[in-house]
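What follows is each chain in one-letter form.
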2 protein chains.
Amino acid sequence: MEPSPIVLVTTYHRGKPNVMTMGFHMMIQHDPPLIGAVIGPWDYSYKALKSTRECVIGIPGADLAEKVVDIGNCSGEDIDKFKKFRLTSRPSQDVGAPLIEACIANIECKVVDTRMVSRYNLFILEAVRAWVNPGRKEQRTLHHQGNGTFKVDGKIIDLRERMVKWREFVD
Amino acid sequence: MEPSPIVLVTTYHRGKPNVMTMGFHMMIQHDPPLIGAVIGPWDYSYKALKSTRECVIGIPGADLAEKVVDIGNCSGEDIDKFKKFRLTSRPSQDVGAPLIEACIANIECKVVDTRMVSRYNLFILEAVRAWVNPGRKEQRTLHHQGNGTFKVDGKIIDLRERMVKWREFVD
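(A) Inspection of the overall build of chain A at higher detail. A tally of regular secondary structure across chain A gives 5 helices and 11 strands. Put simply, chain A has 171 residues, and 54% of those count as buried. Contacts spanning at least 24 positions in sequence make up 60% of the contacts within chain A whose residues lie at least 6 apart. Accessible surface for chain A amounts to roughly 8300 Å². Of this, 49% is attributable to carbon and sulfur atoms.

(B) Structural context of the sheet that holds strand 1 (residues 7–13) of chain A. Residue and element names in this part refer to chain A. A sheet is described by the order of its strands in space; here 7 strands give the open sequence 2-1-5-8-9-4-3, paired in antiparallel fashion. At either margin of the open sheet sits one strand with a lone partner, and together these are strand 2 (16–22) and strand 3 (25–29). Adjacent strand axes in the sheet meet at a mean angle of 35° when their direction is disregarded. The sheet contact formed by strand 8 (residues 105–113) and strand 9 (residues 122–132) spans 8 bridges and is antiparallel. Following the sheet pairing, Glu 108 is matched in strand 9 by Arg 129. Packed on one face of the sheet, helix 1 (residues 45–52) meets strand 1, strand 2, strand 5 (54–59), strand 8 and strand 9 and runs near 60° to strand 1. Packing of helix 2 (residues 65–72) onto the sheet brings it into contact with strand 1 and strand 2, and relative to strand 2 it is tilted by some 110°.

(C) How the structure looks around the pattern of salt bridges. Residue and element names in this part refer to chain A. In the structure shown here, the tally under the stated rule is 8 salt bridges over all chains. A salt bridge links Asp 63 to Arg 136; the shortest N-O distance between them is 2.6 Å. Note that Asp 63 is positioned in the loop between strand 5 and helix 2 and Arg 136 in the loop between strand 9 and strand 10 (142–144), a separation of 73 residues in sequence. Owing to a relative accessible area of 35%, Asp 63 belongs among the partly exposed residues under this scheme.

(D) Main features of the pairing of strand 2 (residues 16–22) of chain B. Residue and element names in this part refer to chain B. Buried residues dominate strand 2, accounting for 5 of its 7 residues. Here strand 1 (residues 7–13) pairs with strand 2 via 7 bridges, running antiparallel. Pairing of Thr 11 across the sheet is with Asn 18, part of strand 2.

(E) Highlighting the packing of aromatic side chains. Residue and element names in this part refer to chain A. Overall, the coordinates contain 2 aromatic pairs over all chains when judged by the stated rule. A centroid spacing of 6.0 Å and a plane angle of 75° characterise the contact between Tyr 46 and Phe 123, whose relative ring orientation is edge-to-face. Linking Tyr 46 in helix 1 with Phe 123 in strand 9, this pair joins segments that are 77 residues apart in sequence. Of the residues examined, Tyr 46 reaches a relative accessible area of 15% and is grouped as buried.

(F) Structural context of the sheet that holds strand 2 of chain B. Residue and element names in this part refer to chain B. Strand order across the open sheet formed by 7 strands is 2-1-5-8-9-4-3, with antiparallel pairing between neighbours. Every other strand in the sheet has two partners, leaving strand 2 and strand 3 (25–29) as the edge strands with one partner each. In this sheet, neighbouring strand axes are inclined to one another by 35° on average, regardless of whether the strands run parallel or antiparallel. Contacts from helix 1 (residues 45–52) reach strand 1, strand 2, strand 5 (54–59), strand 8 (105–113) and strand 9 (122–132), with the element oriented near 60° to strand 1. The sheet contacts of helix 2 (residues 65–72) involve strand 1 and strand 2, and relative to strand 2 the element is tilted by about 110°.

(G) Representation of the pairing of strand 4 (residues 34–38) of chain A within the structure. All names here are of chain A. For strand 4, the buried fraction is high: 5 of the 5 residues fall into the buried class. The side-chain alternation of strand 4 yields two buried faces, one formed by Leu 34, Gly 36 and Val 38 and the other by Ile 35 and Ala 37. In this sheet, strand 4 lies alongside strand 3 in antiparallel orientation, the contact comprising 4 bridges. Each residue of the ladder has a partner; that of His 25, found in strand 4, is Ala 37. A loop of 4 residues connects strand 3 with strand 4, the two strands running antiparallel in sequence. When strand 4 meets strand 9, the two strands line up antiparallel, connected through 5 bridges. Across the sheet, Gly 36 pairs through a bridge with Ile 124, a residue of strand 9.

Rules used in this analysis
Residues numbered from 1 in each chain as written. Chains lettered and ligands numbered in written order. Predicted model: local features only at pLDDT ≥ 70, side-chain atom pairs only at ≥ 80, totals over all residues. Heavy atoms only, no water. Helix = DSSP H or I, 4+ residues; strand = E, 2+ residues; numbered from the N terminus. Buried < 20%, exposed > 50% of the residue type's maximum accessible area, 1.4 Å probe, protein only. Contact = heavy atoms within 4.5 Å. Areas by Shrake-Rupley, 256 points an atom, 1.4 Å probe, with all protein chains shown as cover. Pairing = 2+ DSSP bridges. Axes fitted to C-alpha atoms, helices over the stretch in contact; angles between N-to-C directions. Salt bridge = Lys/Arg side-chain N within 4 Å of Asp/Glu carboxyl O. Phe/Tyr/Trp six-rings, centres within 6.5 Å; stacked < 30°, edge-to-face > 60°.

What follows is the structure, encoded as structure tokens:
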């Protein structure tokens, strides 16, 4: 069930940027775009996210696989992960957390609901702005299979012609 | 952000099995295994899930791509989808909803929390039993890219040796 693309989450709190690896997240609705994200007290980013209510979700390509694992295996409490992993950051537009240049895409997010945090560590985020980096050669994302094994996107199956055009029914 | 594996969800309500295609879901925690699933009033299965508080999540392989799309593009209100799509079902052990034989794996689920349903159509499910069908030749899952386009699992990257063994720290 797991393999949504593995993502990086940046925060900015008390003058300090941080980044973590996240595997438990989902789209909840398209409009406005809401994302569910599980970030727990065991994550150093948890405090920053709770305080600032802002983050950026970066979607890394398969070329960043090693970094994604290593970022997830150390804590921002001890080190500056942007420095350690030589991640170039760029300023976001609507949130304090930085964009990660090496990612295929970055999504600026604001926390809109924390009522599920105490029970499930589940934050409801609204995606307020998305950046795509078409310059990244590697466009395949990584899907975590558990314990450091990933599946990379493979071939594409295009079944668009089978989709009922729901919009036409609405109009 | 979307492409968790696309899944099928079965329900059994008032003597009638049904199946739908679901794209918005996530793992919330491992132990006990909780799954978040977005199923809305626009889905015919919504009523069955609310009443019975049980379902099965089937994980189809890439060989079922056309069926997955077609199942998602019609409603169980009008037809018996198991018949129409020639899906062989098998009885579950702990829930009334049936298993789908053609899937790579099936997960029996019980609804454990409906507090997020009114606002987000988000059901919290507990996975109570999982069935794996290793006899399925096609083990690659499908990841929806939107509008009927899917990415199939590609090659595997094994970075297990980079994973910190968290358990050792706990012991």
